[in-house]
Amino acid sequence: MYIYDEIDQQLVEQRVAQFKDQTARFLTGKLSEEEFRVLRLQNGLYIQRHAPMLRVAIPYGMLVSKQLRMLAYVARRWDKGYGHFSTRQNIQFNWPRLEDVPEILAKLATVQMHAIQTSGNCIRNTTTDHFAGLAPDEIINPLVWCEIIRQWSMLHPEFAFLPRKFKIAVSGALTDRAAVGVHDIGLQAVKVDGVLGFRVWVGGGLGRTPIVGKLIKPFVAWSDLLTYLQATLRVYNLHGRRDNKYKARIKILVKDLTPEVFGQQVDEQWQLIKDGPDKVSEEYVNEVSSRFVWPKYDTTLIENDDSITLQAAGNLKFERWLRTNVHDHKVTGYASVTVSLKATGVPPGDITADQMEAIADISEKYGFGELRVSHEQNLILADVRRQSLYSLWLELDILKLATPNIGYITNIIACPGGDYCSLANAVSIPVAAAIQERFDDLDFVYEIGELDLNLSGCINSCGHHHVGHIGILGVDKAGEEWYQITIGGRQNGGVNIDTNQTQIRGGGAAIGRVIGPSFAREQIPDVIYCLIQTYLRLRDSDAERFIDVVERLGIGPFKEDVYSDPILLKAPLNTEVVDV
Amino acid sequence: MSNSPRLIRHGELEDDLWRLHDITLTTLPPDEAYWMVTLDCWKVNQDSMSQRIHSVAILVPAHADSKDFLPIGVSSINALAITFIAIDFPNYKDGRGFSLAQILRTQLGWLGELRAVGDVLIDTIHYLARCGFDSFLVKEGHDPELALKSFETFTVHYQKSYPKPVKINSSQVSDF
């Protein structure tokens, strides 16, 4: 992990002190509610349905065991004994009291954690691939670049009051697992003539107006990264719309100006600052890189899975887990392992304090105490020796953290929904549970193959339903909960690193299309089942995934089957399609 | 309390003696001290400014375009006859003024006093100072003494191209 130097630590502590003062001024009436609102949001504090909600940053999803133990401590002492991993590599606590928040933040600061810029109209936590630093297909290790962006964006004096929130994602691998196409800025590492740089997509995003980002700059050399970001943010800060919050994201500016004109304006600004003080030097990159403690891998390990194969032969549960939750690692003899937070009946992404502590112990016992948080709301054990996989599985299984569904339909990505969130129009957790129950036969789940199912309780799209192969959106109609279904969305499509192919957009991300009128909550599992039946009937082989069939045949056949099913015809609601 | 000085300038609190000339007029106010005029008014009259004994201050709206400051073909602001430039924050959440200040400081050659007016909070002064503002009219209800202390809220920073907040702009001090 990255180890704070004095400056890093001082800044976090000074922000804690500032926030403590702001909270005290608010509580004594010296700061109005309206003034305090934005200041607390910039420190991750929302006022929610039941109590304040505190969102703690896990910068670029990297977490170590002692931090996880601290999160467990916070969950027990100030929350109800659990936390919720969001889709942006953050963790949320739903029950802290406002008066306690400064103390929570002070505790977090002792393990190099904070809540800075986890909300508000500022540059948010930069996200990346959940296999960052581990994946065999990396062009660069994005962690170093994410840290450079973290430093640059943290407490940025010019960009603290943007028209709207601003999210940056970085992918360092051939396969884009960071969903760069659906972020305000998506950075895809590329090498051109041996020089490392980034391909820059701007204006992607989900929410009310889902748009795939536009390729604004095919190549920005590594040394120019921060000044290019600065120029982009400056153009947005000056010209982004502030009259209508629904049109304030950078995607609207890019669209209104056209990507070409937007790109020109950024370039004009960039030319003026590109050789200024924020140009990235090799020395600085080395300095940041040297502050990471990288695992000391045993390089004598060889790839020998014989014993694992033997253990798996007699154990179907283990065999299934190996297949779905164990991932290739760049170092021979190691694997990355997904700890599933998607057991049926548990809100997706929820984790208890006991589980946090157990996982912290496990991460030290089987690896180097390093973890990643995925935007799919699971945890990743970073560096597990392959020869220990069986005993690891035994431990995880007892903890109910070994659900073998990663990449499959029941690995549902969902926001907390109307049970917790005051923005939501509809609940999401019970819907996710109902789907998981409907698909409780694992053989059938594997038969369906790779499938992303995403669920959002409202158009703010925290469950990223637009990029789900199947997406479910909760909508409100006359005070009732209804659910709209989209299919054909995806967060990536693999990346061609030939920079001449400027037609590639957003690493292949696509926005799902609405199949038709919305459904009642209890109909949803049957609707999903029907979509799956259509897929299974139409696929040309096991290798053709659900998303591939939608792409090949369009939404027509799916729509036809769903809306001609007499059971589903009961009472579909004719809602207008919301802004797709 | 409301009568105590609210203007932070040269690292100290002082009374704000400036008054805004009728914003509907593009004619200049009388040749007296402490008149602030709108950017539009200044643009119309900038050629005749040098004839005044008392220079004016310019009030710039948040939405101003940096190009408004320069006649075509000129690359930096003619500082003559301008006491200071004030950027208005209609609402502290409107961050355009931060970028505008940076452009004035780093691209338009404005070295003179740059004042933040309007919705200026204890909590925004630190960022404002780093973006190039060096005087601040603290909004009513915010303790100006606390605002003064906010220069030290953060003693270290990441962004290299934005200086540490300084209470005293060295280019002004040399004028004393």
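Residues numbered from 1 in each chain as written. Chains lettered and ligands numbered in written order. Predicted model: local features only at pLDDT ≥ 70, side-chain atom pairs only at ≥ 80, totals over all residues. Heavy atoms only, no water.

Caption draft 1: Structural context of the interface of chain B and chain A. Counting residues at the interface gives 31 residues for chain B, matched by 40 residues for chain A. For the pair chain B and chain A, the summed buried area comes to about 3,300 Å², and 56% of that belongs to carbon and sulfur atoms. Seen at the junction of chain B and chain A, the total is four salt bridges. At the boundary of chain B and chain A, one finds 25 residue pairs in polar contact (both at pLDDT 80 or more). When contributions to the side of chain B that touches chain A are tallied by element, the ones reaching two or more residues are α2 (96-106) and α3 (125-130) of chain B. Examining the composition of the side of chain B that touches chain A, we find that six residues originate from one element, α2 of chain B, more than from any other. Taken together, the residues of the side of chain B that touches chain A sort by class into 13 nonpolar, eleven polar and seven charged. (Contact = heavy atoms within 4.5 Å. Buried area = accessible area lost by both parts, 1.4 Å probe. Salt bridge = Lys/Arg side-chain N within 4 Å of Asp/Glu carboxyl O. Polar contact = N/O pair within 3.5 Å; in protein donor to acceptor, adjacent residues only side chain to side chain. Helix = DSSP H or I, 4+ residues; strand = E, 2+ residues; numbered from the N terminus. Nonpolar A, V, L, I, M, F, W, Y, C, P; charged D, E, K, R; others polar.)

Caption draft 2: Spatial organisation of helix α13 (residues 389-398) of chain A. Among the residues of α13 of chain A, L389, L392, W393 and L396 of chain A are the ones counted as buried. Each buried residue of α13 of chain A sits inside an arc of 100° when the element is viewed along its axis, so together they form one side. (Buried < 20%, exposed > 50% of the residue type's maximum accessible area, 1.4 Å probe, protein only. Arc of directions from axis to C-beta.)

Caption draft 3: Region of interest: the sheet that holds strand β14 (residues 370-373) of chain A. Residues and elements named next belong to chain A. Read from one edge of the open sheet, five strands run β3-β14-β15-β12-β11, paired in antiparallel fashion. Looking at which strands have only one partner, the edges of the open sheet turn out to be β3 (62-64) and β11 (326-328). On average, adjacent strands in this sheet sit at an angle of 35° to one another, irrespective of strand direction. Here helix α11 (residues 316-325) sits on the sheet in contact with β11 and β12 (334-339), set at roughly 40° to β11. (Pairing = 2+ DSSP bridges. Axes fitted to C-alpha atoms, helices over the stretch in contact; angles between N-to-C directions.)

Caption draft 4: Looking closely at the side chain of D119 of chain B. Residue and element names in this part refer to chain B. Its location among the elements puts D119 in the loop between β7 (113-118) and α3. For D119, a relative accessible area of 14% gives the class buried. One polar contact links D119 to K139, side chain to side chain, over a distance of 2.8 Å. Ignoring sequence-local partners within four residues, the contact set of D119 consists of F89, P90, N91, Y92 and K139.

Caption draft 5: Looking closely at the pairing of β12 of chain A. Residue and element names in this part refer to chain A. Counting buried positions over the six residues of β12 gives six, a clear majority of the element. Residues Y334, S336 and T338 point to one face of β12 and A335, V337 and V339 to the other, with burial holding for every one of them. Taken together, the three bridges between β11 and β12 define a ladder with antiparallel strand orientation. Within β12, the residue paired with V326 across the bridge is V337. Counting the residues in the hairpin turn of β11 and β12 gives five residues, including G333, whose phi is positive at 90°.

Caption draft 6: A look at the pattern of salt bridges. Residues and elements named next belong to chain A. As enumerated under the stated definition, the model contains 48 salt bridges over all chains in all. Note that D21 and R25 form a salt bridge whose closest N and O atoms lie 3.1 Å from each other. With D21 and R25 both in helix α1 (residues 6-27), this residue pair falls four residues apart, about one helical turn. Salt-bridge contacts for D137 lead to R177; the nearest nitrogen and oxygen are separated by 2.8 Å.

Caption draft 7: Region of interest: the pairing of strand β6 (residues 82-89) of chain B. Residue and element names in this part refer to chain B. Within β6, six of the eight residues are buried, which leaves it mostly tucked inside the rest of the structure. As paired elements, strand β5 (residues 56-60) and β6 share four bridges and run parallel to each other. Looking across to β6, one finds that I58 is bridged to I85. Taken together, the six bridges between β6 and β7 define a ladder with parallel strand orientation. Paired with D88 across the two strands is V117, which belongs to β7.

Caption draft 8: Here's a closer look at α11 of chain A. Residues and elements named next belong to chain A. Among the residues of α11, those classed as buried are F318, R320, W321, L322, T324 and N325. Taken together, the buried residues of α11 touch α10 (306-313), β11, β12, α13 and α15 (442-448). Put simply, N315 is the residue that caps the front of α11, since its side-chain oxygen is 3.2 Å from the backbone nitrogen of K317.

Caption draft 9: Representation of the packing of aromatic side chains in the model. A complete count under the given rule lists 32 aromatic pairs over all chains for this structure. On the numbers, 5.5 Å between centres and 65° between planes, the contact of W145 of chain A with F198 of chain A is edge-to-face. Placement of the pair is W145 of chain A in helix α5 (residues 142-153) and F198 of chain A in strand β9 (residues 195-202), with a sequence separation of 53 residues. For the pair W145 of chain A and F198 of chain A, a shared accessibility class is recorded, and that class is buried. Ring geometry for F161 of chain A versus Y92 of chain B: centroids 5.8 Å apart, planes at 75°, classification edge-to-face. With F161 of chain A in the loop between α5 and β7 (168-171) and Y92 of chain B in the loop between β6 and α2, the pair connects residues from two separate chains. Comparing F161 of chain A with Y92 of chain B shows no difference in burial state: the two are buried. Through a chain of ring-to-ring contacts, three or more aromatic side chains come together here, namely F161 of chain A together with F89, Y92, F98 and F133 of chain B. For the cation-ring pair, K274 of chain A lies above W270 of chain A, with the distance from its terminal atom to the ring centre recorded as 5.1 Å. The side chain of R438 of chain A reaches across the aromatic face of Y529 of chain A, ending 4.1 Å from its centre. (Phe/Tyr/Trp six-rings, centres within 6.5 Å; stacked < 30°, edge-to-face > 60°. Lys NZ or Arg CZ within 6 Å of the ring centre and 35° of its normal.)

Caption draft 10: Inspection of empty space enclosed by the protein at higher detail. Residues and elements named next belong to chain A. Under the defined criterion, the tally for this structure stands at ten cavities of 30 Å³ or more. In this structure, the largest cavity spans a volume of roughly 150 Å³. In terms of lining, the largest cavity is formed by 13 residues, of which the most central are M1, P59, Y60, M62 and Q67. Of all the secondary-structure elements, those providing two or more residues to the lining of the largest cavity are β3 and α5. Its residues assigned to classes, the lining of the largest cavity comprises nine nonpolar, two polar and two charged. (1 Å grid on protein atoms, 1.4 Å probe; cavity = no way out; pocket = protein on both sides within 12 Å on 5 of 7 lines; lining within 4 Å. Points joined across faces, edges and corners; volume = space filled by probe spheres on them.)

Caption draft 11: Molecular detail of the sheet that holds β5 of chain B. Residue and element names in this part refer to chain B. Reading across from one edge, β2-β1-β8-β7-β6-β5-β4-β3 is the order of the eight strands in this open sheet, with mixed pairing throughout. The open sheet has two free edges, formed respectively by β2 (12-14) and β3 (19-20), since each of these has just one partner strand. The strands touched by α2 are β5, β6 and β7; relative to β6, the strand with the most contacts, the crossing angle is about 155°.

Caption draft 12: Spotlight on the environment of D256 of chain A. Residues and elements named next belong to chain A. Turning to its location among the elements, D256 is positioned in helix α7 (residues 250-257). The class of D256 is exposed, set by a relative accessible area of 51%. When the C-alpha atoms of D256 and L455 are compared, they prove to be 29 Å apart, with 199 residues separating the residues in sequence.

Caption draft 13: Looking closely at the environment of L536 of chain A. Residues and elements named next belong to chain A. As for its position among the elements, L536 is in helix α16 (residues 524-538). For the pair formed by L536 and G449, sequence separation is 87 residues and the distance between their alpha carbons is 10.0 Å. Not counting residues within four places of it along the chain, the set of residues in contact with L536 comprises F444, E447 and I448.

Caption draft 14: The confidence of the model for chain A, seen in detail. Residues and elements named next belong to chain A. On average, residues of chain A carry a pLDDT of 91, and 95% of them reach 70 or more. Below pLDDT 50 for its whole length, residues 494-506 participates in 31 contacts with residues either more than four positions away or in separate chains. Low pLDDT, under 50, characterises residues 575-580; the stretch is placed with 15 contacts to residues that sit more than four places away or in other chains. (pLDDT = per-residue confidence, 0-100.)

Caption draft 15: Broad picture of the packing of helix α6 (residues 225-239) of chain A against helix α8 (residues 259-273) of chain A. Residue and element names in this part refer to chain A. Axis separation between α6 and α8 bottoms out at 8 Å; the angle between their running directions is 125°. Here α6 is positioned oblique relative to α8, judged by the angle of their axes. You can see that α6 and α8 cross each other, and the crossing is right-handed. Residues T227, Y228, Q230, A231, T232, R234, V235 and H239 of α6 pack against F262, Q265, V266, D267, Q269, W270 and I273 of α8. Split into classes, the residues belonging to the contact of α6 with α8 amount to seven nonpolar, six polar and two charged. (Parallel < 35°, antiparallel > 145°, perpendicular 65-115°, else oblique. Left-handed = near helix turned anticlockwise from the far one by under 90°.)

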